[in-house]
Amino acid sequence: MTTWLFYALLGIGTGAMYASFSLSLIVTYRGSGVVNFAIGAMAMFPAMTFVELRATGDLVLPVIVAPHRVGLGGPLGTIPAAATAVAAGLVLAAVTYALVIRPLRTAPPVTRLVATVGLALTLQAIAVKNFGNTTLRVAGVLPDDVVNLFGRAYPIDRVWLLVTACVLAFAVQVTYRRTRFGLATRGAFLNEKGAILLGLEPARIGLYNWMVASALASIVGIVGSSLGGVSPFSFSLFVIPALGAALAAQLRSVPVAVVTAVGIGCFESLAVHIVAQRQVPKFFLGGISSLVPFVAIIGALFLAGTSLPTRSALAERAQVVVEIGRPRWIIWFVTIGASAMALSSSAMALSSSDATVRFAMLQTTFIVTLLLSVVVLTGFVGQVSLAQLSFAGFSAFMLSRFDDAVPFPLGPLAAVIVTTAVGTIVSVPALRVRGVQFAIVTFSVAVVFDDVLFRSPTFVGRGGMAEIRRPRLFGIDLGITGSGQFPQQRFGYVLLTLAVVSAGIVVGVRRGPLGRRFLAVRANERSAAAAGINVARTKVLGAAIASFIAGIAGVMFAYKATTFNGGGLEAQDGLELVALGYLGGIGSITGAVIGGVLAPSGIFVVAILGGGSSINQFLITGLGLVLVAVRFPAGIAGLAGAWRTSRRTIVPDDDAVSIDQRAGDPDGYGRATIEIEIDDHPWRRP
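Rules used throughout
Residues numbered from 1 in each chain as written. Predicted model: local features only at pLDDT ≥ 70, side-chain atom pairs only at ≥ 80, totals over all residues. Heavy atoms only, no water. Axes fitted to C-alpha atoms, helices over the stretch in contact; angles between N-to-C directions. Helix = DSSP H or I, 4+ residues; strand = E, 2+ residues; numbered from the N terminus. Parallel < 35°, antiparallel > 145°, perpendicular 65-115°, else oblique. Left-handed = near helix turned anticlockwise from the far one by under 90°. Contact = heavy atoms within 4.5 Å. Nonpolar A, V, L, I, M, F, W, Y, C, P; charged D, E, K, R; others polar. Phe/Tyr/Trp six-rings, centres within 6.5 Å; stacked < 30°, edge-to-face > 60°. Lys NZ or Arg CZ within 6 Å of the ring centre and 35° of its normal. Patch = residues over 30% accessible without salt bridge, like charges linked within 9 Å, V, L, I, M, F, W, Y side chains within 5 Å. Areas by Shrake-Rupley, 256 points an atom, 1.4 Å probe, with all protein chains shown as cover. Salt bridge = Lys/Arg side-chain N within 4 Å of Asp/Glu carboxyl O. Buried < 20%, exposed > 50% of the residue type's maximum accessible area, 1.4 Å probe, protein only.

Participant: Quick question: what am I supposed to make of the packing of helix H10 (residues 239–248) against helix H11 (residues 254–276) here?
Facilitator: Geometrically, a packed helix pair is captured by the angle between its two axes and the distance between the axes. At their nearest, the axes of H10 and H11 sit 8 Å apart, and the two run at 140° to each other. In terms of their interaxial angle, H10 and H11 are classed as oblique. Here H10 and H11 pass one another in a crossing that is right-handed. Two secondary-structure elements touch here, H10 through Pro-241, Ala-245 and Ala-248 and H11 through Val-256, Ala-257, Thr-260, Ala-261, Ile-264 and Glu-268. Here the contact of H10 with H11 is composed, by residue class, of seven nonpolar, one polar and one charged.

See below:
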C-alpha cells in the first residue's frame, strides 16, 4: 500500500501543472467566453524562451517572416530569464487576443474554439522552426533535493511545484472575489449589456483576462520545465486533464479545480507504475492514465451539463452557411475525372514520379472521405467532433481483426458497422451537451483511443502492429500492390469509388428531410423541439452517419497502409483534421474536397508544390484555420459564394444620388431636414 501511495505522490508535480492550466482555462472562459485549446502552446513558448535565455541569452520571438532571435549579451540568470519569458508570454497573449479572439467576440463559441485550435497548431509549428523539434533542458528552477519517504528517495521539487500552483490559485481566488477587476469580470460574464451600461468595456476586460491566463500558464510552464525539459509538443495534451478539472469545478470553483487536477496527476503517476508492474489486465498494458480525465469530463458534463455557465454576449453571428442547393454535376464530373487522371498513367505529365502522384491521390481520397464525416456532424448538426480520425483508426484495427475470419468485402463491412455502433454510443453525451462541450468530450475520447486502445497489445495485435491482407474479389487483386505497380491503379479506383459513395450519402442526407432536421437542430434546438423534432434522436443519427463514413475512411486507411500501428492516428492529428475541414469549408462537400487536396502528403502538396517540409504544412494549416475563423467562416469553398453575393449587391452610380442636407430648425425643435434628389440615371451593378 505504501508503494502505491509513494508513486501516487510522485504525480503531484504533474497535477500541479494541470491545476495551473485549469486555472488559466477558467480565467480565459470567464473573461472572454473562450475554451482555449491553445493554453498548452501558450505555456510552451515562454517555457522554451526561458530555457533558451538561460542557455544562450537569445530572446526567441514567435515570428517567422523576420529575424526571430535577439541577443541579450549572454546567458541570463534564473530571475531575469523568467521575467523576460513571462513578459514575452504576456505580449503574445495580447497580440493573439487583438488579432484572433477580439474579432470573434460575437462569433459562435464553436468558431472561437476552432480558432484556438488553429492558434495551437501555429504556435507549435513556429516553435519547431525556431527551436527545433527537440526537448530543451536547463538547470532546474526548483530545488533538486530528495527526502526519504516510505523508504524511498522522493524529489522535493514536486512539492515546490504544488506550492507554486497553490499560491497562484490563492492569488486568482482573491483577485476574482475581492477586487474591482474581478467583480467587473464577473459582471461582464453574467450580463455584457449591463456591464456596458455601467461604463465597463468587455473587450478590454477580455484582454486583461487573457493576459492573466497567459501569466499563469507561463509561470507554471517555466517552473514545470524543471521536471523533464520542454519541447514544442510538451504541453499540447495537458488541456484534457486541465479541462477535466475545470469542468468538475463547473468553470467556477478554484479550490475544486486544484484538488481535482492534483488528483488526476496522482492517478496518472500511479497508473504508470501499475502498468509497468503488469498489475492490470493485458488489454490495458498500453496505458490507462488518460481514463481518469475522461471520466472526470464525462461525469462533469453528465451531472452538470445543463448548468455549466454560459457567457452572455450582445449578439452572436450566424453559424457557417451550409450548401443546400442542387449539386453542380459538372463540378462533380470534373473533380472525379481529374482524380481518375491522377490515378492513371497519364499522371506522369504532372510529376516525374507516377507512383508518387498516385500515392498522393490516395492520401487525398482518404482525407476527403474522413472530412465528409466531419461535414455531417459539425457542418450539418453543429456538433464539433475531434474524434473522427480516432473512429477511422478504430475501424482500421477492427478490419485487421475481421480480416482473418471474414472474406472481402464482408470484413470491411463488419468493421464499418462496429465503428458505427461505437461512434453512436460515444455520441450519447450529445443528449445533454452540445457545441463546445461536445468538442471537449470527443477530444477526450480521441485521447483515450490513442493512449488505451491503439497501444493495447490485445487490441492492436502481435508486436503492436496490425496487418491487413490484400483484398480480392472474384479472383481480382484489389490491393495497393499488384500488376507490377505501387500503388496499382485498380486500388486507387476502389478508394475513389468509396469516396464518391460517401459523398453521395452526404448529398442524400443534406437534401432529404433528415438534413432539414439536422439544420433545424443546429440553428435552434428549442425551436426544433417546438416544431416536433426529436432533438436527441436527430443528434445521435448525425453521429451515427458520421461514424459510418469515418469507418469507411478507416477501411481505406487500413488497405492503404497494409501494416500499421497507432502512428498517424493520434489525437493531435485529429486537431489538424478539423483544421483542414474548416479551412476548406465545414459546411459543404466542396470544402471537404479542398481540405483533402490541401492535406499533408496530398495531391496539391506533392504534385504542385513538389513535397516540402511537413512542419511548413503544419504551419500553413494553423495560420489558414485562424484566418478562416476570423475572416472567412465559410472557408475556401465559401469564397466564390461570397464573391457572387457581393456582385449581386445593387448600388447606384456615383452621380445618381445627390443629397442636400441642411441643418437647422426654423421652428426651434432641434430637428434636421434632409432632402434627397434622385436623378434619372439608371441603377447598375458594380
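Now that the structure has been shown, the text picks up again.
Participant: Is there a simple way to think about the packing of aromatic side chains in this case?
Facilitator: For any pair of aromatic rings, the description consists of the separation of the ring centres together with the inter-plane angle of the planes. Following the criterion strictly, the structure yields 22 aromatic pairs and no others. Every member of this aromatic cluster is reached through a ring pair, and the members are Phe-366, Phe-391, Phe-394, Phe-397, Phe-449, Phe-454, Phe-459, Phe-557 and Phe-564. Residue placement shows Arg-30 over the ring face of Phe-189; its charged tip is 4.1 Å from the ring centre. When the ring centre of Phe-6 is taken as reference, the NZ or CZ atom of Arg-152 above it lies at 5.6 Å.

Participant: Looking at this model, I keep getting lost on a nonpolar patch on the surface. Mind explaining?
Facilitator: Together, Val-159, Trp-160, Val-163 and Val-167 give the surface a local cluster of nonpolar side chains, amounting to about 340 Å² of exposed area. Assignment of secondary structure puts Val-167 in helix H6 (residues 157–178). Judged by its relative accessible area of 52%, Val-167 falls in the exposed class.

Participant: Could you clarify how one ought to interpret the pattern of salt bridges in this entry?
Facilitator: Opposite charge on two side chains allows them to pair when their charged atoms are near. Inspection of the entire model under this criterion finds seven salt bridges. The partner of Asp-451 in a salt bridge is Arg-455, with the nearest N and O atoms 3.9 Å apart.

Participant: What is the right way to look at the packing of helix H1 (residues 2–9) against H11 in this model?
Facilitator: H11 packs onto H1 with a crossing angle of 125° between their chain directions and a minimal axis gap of 7 Å. On the basis of their axis angle, the class for H1 and H11 is oblique. The hand of the H1/H11 crossing is right-handed. Residues Thr-3, Trp-4, Tyr-7 and Ala-8 of H1 lie in contact with H11, whose contacting residues are Cys-266, Ser-269, Leu-270, His-273 and Ile-274. Split by residue class, the contact of H1 with H11 holds six nonpolar, three polar and no charged.

Participant: Just checking my understanding: could you explain unusual backbone geometry for this structure?
Facilitator: Most peptide bonds are trans, and most residues other than glycine sit at a negative phi. Residues Phe-408 and Pro-409 are joined by a peptide bond in cis, for which omega reads 10°. Mapped onto the elements of the fold, Pro-409 is located in the loop between helix H15 (388–402) and helix H16 (410–426). Within the chain, Gln-250 stands out as a residue other than glycine whose phi angle is a positive 55°. With respect to the helices, strands and loops of the structure, Gln-250 is situated in the loop between H10 and H11. On the basis of relative accessible area, Gln-250 is assigned to the partly exposed category, the value being 26%. Phi at Thr-562 is positive, roughly 65°, even though this residue is not glycine. Within the element layout of this structure, Thr-562 appears in the loop between helix H22 (535–561) and strand E8 (563–564).

Participant: What exactly am I supposed to notice about the side chain of Ser-390 here?
Facilitator: With respect to the helices and strands, the residue Ser-390 is situated in helix H15. On the basis of relative accessibility, which here comes to 2%, the residue Ser-390 falls in the buried class. The residues touching Ser-390, leaving out its near neighbours within four places in the chain, are Ala-446, Phe-449, Phe-454 and Leu-569.

Functional significance is not addressed by these values, which are geometric in nature.
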